[in-house]
Amino acid sequence: MAAYDKADLERRMAGSVEALKGDLIGLRTGRASTSLLDPVTVEVYGSHMPLNQVATVSVPESRLISVQVWDKGNVGPCDKAIRSAGLGLNPIVDGTTLRIPIPDLTEERRKELAKLAGQYAEKARIAARNVRRDGMESLKADEKKNIFSEDERKRHETEVQKLTDATIAEIDAAASAKEKEILGK
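Summary of the structure given here. Predicted model, so just to flag it, every value in this text is computed and none were measured.

As for the pattern of salt bridges
(1) Moving on: Tallying each qualifying case throughout the model produces 19 salt bridges.
(2) Moving on: A salt bridge links Arg 129 to Glu 122, with the nearest nitrogen and oxygen atoms 3.6 Å apart.
(3) Moving on: For Glu 157, the salt bridge goes to Arg 153, with nearest N and O atoms at 2.8 Å. Here Glu 157 and its partner Arg 153 are both found in helix α4 (residues 150–183), 4 residues apart, which amounts to about one turn of the helix.
(4) Moving on: Given a relative accessible area of 11%, Arg 153 falls into the buried group.
(5) Moving on: Look at the salt bridges and you will find they share partners, linking Asp 8, Arg 11, Arg 12, Arg 133, Asp 134 and Glu 137 into a network.

Considerations on the packing of helix α3 (residues 107–144) against α4
(1) Moving on: Where α3 meets α4, the axes come as close as 9 Å, and the angle between the chain directions of the two elements is 170°. The orientation of α3 relative to α4 falls into the category roughly antiparallel.

Focus: the sheet that holds strand β4 (residues 64–69)
(1) Moving on: Taken in spatial order, the 4 strands line up as β3-β4-β6-β5 in an open sheet, and their pairing is antiparallel. Looking at the sheet topology across the chains shown, the edges are occupied by β3 (55–61) and β5 (92–94). Geometrically, the sheet is characterised by an average inter-axis angle of 25° between neighbouring strands, direction not taken into account.
(2) Moving on: When β5 meets strand β6 (residues 97–101), the two strands line up antiparallel, connected through 3 bridges. Of the residues in β6, the one forming a bridge with Ile 92 is Arg 99.
(3) Moving on: Contacting β4, β5 and β6, helix α2 (residues 75–83) runs over the sheet at an angle of about 20° to β6.

A few points about the packing of helix α1 (residues 6–25) against α3
(1) Moving on: As a packed pair, α1 and α3 sit with axes 9 Å apart at the nearest point and diverge in direction by 170°. The pairing of α1 with α3 is recorded here as roughly antiparallel in orientation. Of the residues in α3, those touching α1 at Leu 9, Arg 12, Met 13, Ser 16, Leu 20, Asp 23 and Leu 24 are Ala 117, Tyr 120, Ala 121, Lys 123, Ala 124, Ala 127, Ala 128, Val 131, Arg 132, Asp 134 and Gly 135.
(2) Moving on: Looking at the contact of α1 with α3 residue by residue, the class counts come to 11 nonpolar, 2 polar and 5 charged.

Points about α2
(1) Moving on: Among all positions in α2, only Val 75, Cys 78, Asp 79, Ala 81 and Ile 82 are buried. Down the axis of α2, the buried side of the element spans an arc of 165°, and every buried residue falls inside it.
(2) Moving on: Looking at the buried residues of α2, the elements they touch are β1 (41–44), β4, β5 and β6.

Let's talk about the environment of Pro 77
(1) Moving on: Structurally, Pro 77 can be placed in helix α2.
(2) Moving on: In this structure the C-alpha to C-alpha distance between Pro 77 and Ser 149, which are 72 residues apart in sequence, comes to 62 Å.
(3) Moving on: Contact partners of Pro 77, with chain neighbours within four places excluded, come to Val 42, Glu 43 and Val 44.

Cut-offs and rules
- Residues numbered from 1 in each chain as written.
- Predicted model: local features only at pLDDT ≥ 70, side-chain atom pairs only at ≥ 80, totals over all residues.
- Heavy atoms only, no water.
- Salt bridge = Lys/Arg side-chain N within 4 Å of Asp/Glu carboxyl O.
- Helix = DSSP H or I, 4+ residues; strand = E, 2+ residues; numbered from the N terminus.
- Buried < 20%, exposed > 50% of the residue type's maximum accessible area, 1.4 Å probe, protein only.
- Axes fitted to C-alpha atoms, helices over the stretch in contact; angles between N-to-C directions.
- Parallel < 35°, antiparallel > 145°, perpendicular 65-115°, else oblique.
- Pairing = 2+ DSSP bridges.
- Contact = heavy atoms within 4.5 Å.
- Nonpolar A, V, L, I, M, F, W, Y, C, P; charged D, E, K, R; others polar.
- Arc of directions from axis to C-beta.

Structure follows, in structure tokens:
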């Protein structure tokens, strides 16, 4: 077990928040966003590549995403990849450009997306708690090795708990803001 390292715990907890924010960006809110297509991978040149490595993704209007495919032979695979990504999007092929209208979200779909945002937040909370547990274990191990006294260990445990509480509050705030955005409240 590694020695107690507060900076490492802070970095790992911040990482769980950043991962959550990345997950939440991918959730559709009814507005077009280039990040909506970030999870799409296209099978081209014998391998799977992110869509943004075979095409230029832009948002010319608030309800439309435009994908300008660089190689004409990749238009079909890009179209297929977007349709099969489970995003509920249906591209319209126009030469080497795919125009993707963003449909209005139904109430049912909004609720599903809000629930998914909640699941992402729970995953991030679990990650933060795991970091907390690692920190507490390393403090106890350090106390046994006589690196810390019992009072120092307790003081550090309080720091770790405060850090965990702050991280979980940040996770909850990000998730509830996204849920409000999705539900249109």
